[in-house]
Amino acid sequence: MNTIIINSKKEFILFYLSSSNNIQYIIYDFNYIPLTNKSLCKDKVLNFTATIDPDDTIHIVALMETGELNYYILRDEHWSKAVIAKFNFKSNIYNKLYLFVKDNNINLFYSYANLINDKLWTIQHIIGDFNSWKKFNVINYIANKKDHCLHLAQDSFGTVHLMYSSNNNGYQIYHTFYNSLTEKWNQSPYRISDINFNNIYPYLFIDSKDNLHGLWLEGKIDKNISKYAQFPFNPKGNYSW
């Protein structure tokens, strides 16, 4: 599990899990020469995600072996830590973390399923700053653990877009979004894919003009076709894929 971020000095910072499952990081200069090798924490980590904001502040969210969901920020060469939540591993399983930072707001996403019914997943969204947090249930969907797949991206207005696959008589691709002004998720996801085919591995990209681009695979395990859809930005509000 590796994450690379680049700061305004063009330094590369590689975060990775050591053999002991601790978060370590190496800072390289613009010539890829290592400058320093440090440890973020000595506690064991199951999963983490990292990003950097325009002020060169590094943000990391880590799911610890203890069940704590920790938030770390590096500002002026000093690390600070806060505990966002405490997860229950005895009842639930948790999947990949996603992190966005915009205008001092941290947006964290993860999905979880109950061990008794591990095909029914819930995507949760946590938003806040270092001191306070709000939690939203985004959507419920059906997927096997190995087929669990979603992708998120944020546009220049702070709107977070989500593409995910749900097994409704075959896997289908859906799109929904979070409006940062109303602080609400759209509760009517739009199906993008053709219901006559199985559709997997969605990928979402937003370009510099806030146009959305979606990719996924359509077909069968041994024969798939790459599908592409576009959601053009329209300031008049007439939106369609």
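Heads up: these notes are all about the structure in this document. All of these numbers come straight from a predicted model, not from anything done at the bench.

## Some remarks on the nonpolar core
- Y141, L150, L152, L162 and W185 are the most contacted members of the largest nonpolar core, which totals 23 residues.
- Elements that contribute at least two residues to this core include exactly β10 (98–102), β11 (105–114), β12 (120–128), β13 (133–142), β14 (150–154), β15 (160–167) and β16 (171–179).
- In terms of residues, this core owes the most to one element, β13, which gives four residues.
- Discounting residues that sit within four places of it in the chain, L162 has contacts with I123, V138, I139, L150, H151, L152, Y174, H175, T176, W185 and L204.
- Counting 19 residues, the second-largest nonpolar core is a separate cluster that includes I5, I13, L40 and W79.

## Focus on the packing of aromatic side chains
- Counting across every chain of the model gives 17 aromatic pairs.
- Through a chain of ring-to-ring contacts, the aromatic side chains of F87, F89, Y94, Y110 and Y112 assemble into a single cluster.

## Notes on the environment of H59
- In this structure, H59 sits in strand β6 (residues 58–64).
- Along the chain, H59 and V45 lie 14 residues apart, while their C-alpha atoms are 16 Å from each other.
- Not counting residues up to four positions away in its chain, the partners in contact with H59 are T49, A50, T51, D53, Y71, Y72, I73, L99, V101 and I106.
- At 2.7 Å, the side chain of H59 and the side chain of Y71 are in polar contact.

## Quick look at the pattern of salt bridges
- Under the criterion given, the structure shown has one salt bridge.
- The shortest N-O distance in the salt bridge between E183 and K134 comes to 3.0 Å. Residue E183 is found in the loop between β16 and β17 (184–185), and its partner K134 is found in strand β13; the two are separated by 49 residues along the sequence.
- Assessed through its relative accessible area of 36%, E183 is described here as partly exposed.

About the cut-offs
- Starting from 1, residues in each chain are numbered consecutively following that chain's sequence as written.
- Totals for whole chains, interfaces and linings use all residues, but because this is a predicted model, local features are given only for residues with pLDDT of at least 70 and pairs of side-chain atoms are given and counted only at 80 or more.
- Side-chain metrics in this entry use all non-hydrogen atoms of the structure; hydrogen atoms and water are not considered.
- We call a set of buried Ala, Val, Leu, Ile, Met, Phe, Trp, Tyr and Cys residues a nonpolar core when their side-chain atoms join them within 4.5 Å.
- Burial here depends on accessible area, computed with a 1.4 Å probe over protein chains only, as a share of the maximum for the residue type. Under 20% is buried, over 50% is exposed, and the range in between is partly exposed.
- Put simply, DSSP marks the helices as runs of H or I at least four residues long and the strands as runs of E at least two long, and each gets a number from the N terminus on.
- Throughout, a residue-residue contact means that at least one pair of heavy atoms, one from each residue, lies within 4.5 Å.
- Here a Phe, Tyr or Trp ring, Trp counted by its six-membered ring, pairs with any other such ring whose centre lies within 6.5 Å, and the pair is stacked when the planes are under 30 degrees apart, edge-to-face when over 60, and tilted otherwise.
- Polar contacts here mean pairs of N or O atoms no more than 3.5 Å apart (in protein, one a potential hydrogen donor and the other a potential acceptor; neighbouring residues in sequence count only if both atoms are side-chain atoms).
- Note on definitions: salt bridges are taken to be side-chain nitrogens of Lys or Arg within 4 Å of carboxyl oxygens of Asp or Glu.

Limitation: the analysis is restricted to geometry and does not speak to function.
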